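Next come the chains, spelled out residue by residue.
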Amino acid sequence: MSWNKPTYKLPKKADRPFRKNAVLMGNLVSDTLARHGIGAQVKAAMIVREGNLILNELIETTLRQDFRVISFVRGNLTITCRHSASGHLMTSLRAELQNSIEQRVPDAIISEIYIRIDPHAVDHSAESLV
């Protein structure tokens, strides 16, 4: 065996030039959510947050503390109200709230909106819904 002769052959270079493709940030986030199985929970949290922001816009300032979107589960959005009068007002705003949420969150499909009267579910010290 001769020491002058190389025994290891280097790999042949590819005929094509090296290309580095950028990955879009949106794809990276959605792939990570899908990989860990938390996409539905993140979407539900986004819907609840947007619902509370929209309620802040729809309802006058004196009544804002009487309403809160509390959950989104399997297409059902639940809103809690402090008393029956605020529940009646929320019933009249139900369609407008649903349309606004579905416009702002593209993947949101709300099949039903439930209104619950619970004076203890709404925090009395909250200044805003978000």
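Here the structure is a predicted model, which means the values were calculated and not measured.

A. The arrangement of the sheet that holds strand 3 (residues 112-117) in detail. Taken in spatial order, the three strands of this open sheet run 1-2-3, and their pairing is mixed. Here the strands that pair on one side only, and so sit at the sheet edges, are strand 1 (67-73) and strand 3. The sheet shows a mean angle of 25° between the axes of neighbouring strands, direction not considered. Strand direction decides the pairing type here: strand 2 (residues 76-81) and strand 3, joined by six bridges, are parallel. When the bridges of strand 3 are listed, Leu77 appears paired with Ile113.

B. Representation of helix 2 (residues 39-58). Given a rise of 1.5 Å per residue, 20 residues ought to cover 28 Å, and the 28 Å separating the end C-alpha atoms of helix 2 matches this to within 8%. Listed as buried for helix 2 are Ala44, Ile47, Val48, Glu50, Gly51, Asn52, Ile54, Leu55 and Asn56. The elements touched by buried residues of helix 2 are strand 1, strand 2 and helix 3 (84-104).

C. Expanded view of the pairing of strand 2. By the criterion of burial, strand 2 is predominantly enclosed, with five of the six residues buried. In sequence, strand 1 turns back onto strand 2 through a hairpin of two residues, with Arg74 there showing a positive phi of about 50°. Following the chain from strand 2 across helix 3 to the adjacent parallel strand 3, one finds a crossover that is right-handed.

Thresholds applied
- Residues numbered from 1 in each chain as written.
- Predicted model: local features only at pLDDT ≥ 70, side-chain atom pairs only at ≥ 80, totals over all residues.
- Heavy atoms only, no water.
- Pairing = 2+ DSSP bridges.
- Helix = DSSP H or I, 4+ residues; strand = E, 2+ residues; numbered from the N terminus.
- Axes fitted to C-alpha atoms, helices over the stretch in contact; angles between N-to-C directions.
- Expected span 1.5 Å × (residues − 1).
- Buried < 20%, exposed > 50% of the residue type's maximum accessible area, 1.4 Å probe, protein only.
- Contact = heavy atoms within 4.5 Å.
- Right-handed = clockwise from strand over helix to strand, strands pointing away.

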